[in-house]
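# Results of the structural survey
These are the residues of each chain, in order.
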Amino acid sequence: MSDVLLTEREGPVTWLTLNRPERRNALNRELRSRLLEELRRADEDQQVRVVVVRGAGGNFCAGADISEFVELDALGIREYNRMWGTQVIASTIQSMRKVVIAAVDGYCLGGGFELALACDIIVATRRAVFGLPELRVGLIPGGGGTQRLTRAAGVHFAKNAILRSRLFSAEDAWRVGIVSELAEPERLEEVVRTVIGDLLERSPVHLQAAKTAINAALEMSLSQGLACERELFQFVWSTEDRLEGMRAFLEKRKPEFRGR
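Below, the structure is looked at part by part.

### Looking at the sheet that holds strand 5 (residues 107–109)
The sheet built from 3 strands is open, its strands ordered 5-7-8 with mixed pairing. Of all strands in the sheet, those with a lone pairing partner are strand 5 and strand 8 (168–169), marking the two edges. Summarising the sheet, strand 5 and strand 7 (residues 129–131) pair through 3 bridges and their orientation is parallel. Across the sheet, Cys108 pairs through a bridge with Phe130, a residue of strand 7. In this fold helix 4 (residues 111–118) packs onto strand 5, strand 7 and strand 8, with an angle of close to 85° to the strand it touches most, strand 5.

Put into structure tokens, the structure is as follows:
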């Protein structure tokens, strides 16, 4: 039996591949546990700067493995959600100090879409299909979809998509700002690597500070968010990388950031 999650390390980049292609990479307990483990390991590894999450077999993730849920009672689903729920995984991704990229091809539905929404950058092929169709199976989105999709695309787009269980294209997702970059299917990895190249040219300290400030906009009032940004701006001003970046600009050369 193959590993449900494939892990590959390329220098400062960790690639995590959801590997249940026969189930369109649906999230079962084993896959959820392994994904959480590897995300946390990457976040703690000081050498890792970027994490890419993708799916095997032409799909990103078709959502939760419903076969695991049918017989669970209210107490059982509460415990399942506490240990391996999509909200736990998505919150882990959002709070990571590293930049997380979702490389999306094929179906990106339900819990899979909720994982992608938690990532910092979504690169999708033009044949990718998105949606939160939980109402079709007697549920509502439970992994953060009602909150993150509303914040990303607006309340009316979110209501139309969720209440009607409407699937939508990568082009639609790009138009409303969910997808960051579009790619032809055969160029998905190439475009992802271009994004990675841009990120690796930045200071890892400054990437982390910028991600923290942007995330604050999702949680805080404007005045609180501005205060958070101001504190982080003052923090990066004290770093060696800030001085190196400014000197490189004046000297018309590429900066050599060292993460301090």
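### Quick notes on unusual backbone geometry
With a phi angle near 55°, Arg24 is a residue other than glycine that sits in the positive phi range. By the secondary structure assignment, Arg24 is in the loop between strand 2 (13–18) and helix 1 (29–44). Given the relative accessible area of 42%, Arg24 is considered partly exposed.

### Here's the deal with the packing of helix 3 (residues 86–95) against helix 4
Any two packed helices are characterised by how steeply their axes cross, that is the angle between the axes, and by the distance between the axes. Between helix 3 and helix 4, whose axes approach to 8 Å, the crossing angle comes to 20°. Comparing their axes, helix 4 and helix 3 come out roughly parallel. The interaxial crossing formed by helix 3 with helix 4 has right-handed handedness. On helix 4, the residues touching Thr86, Ile89, Ala90, Ile93 and Gln94 of helix 3 are Gly111, Glu114, Leu115 and Ala118. When its residues are assigned to classes, the contact of helix 3 with helix 4 shows 5 nonpolar, 3 polar and 1 charged.

Conventions used here
Residues numbered from 1 in each chain as written. Predicted model: local features only at pLDDT ≥ 70, side-chain atom pairs only at ≥ 80, totals over all residues. Heavy atoms only, no water. Pairing = 2+ DSSP bridges. Helix = DSSP H or I, 4+ residues; strand = E, 2+ residues; numbered from the N terminus. Contact = heavy atoms within 4.5 Å. Axes fitted to C-alpha atoms, helices over the stretch in contact; angles between N-to-C directions. Buried < 20%, exposed > 50% of the residue type's maximum accessible area, 1.4 Å probe, protein only. Parallel < 35°, antiparallel > 145°, perpendicular 65-115°, else oblique. Left-handed = near helix turned anticlockwise from the far one by under 90°. Nonpolar A, V, L, I, M, F, W, Y, C, P; charged D, E, K, R; others polar.

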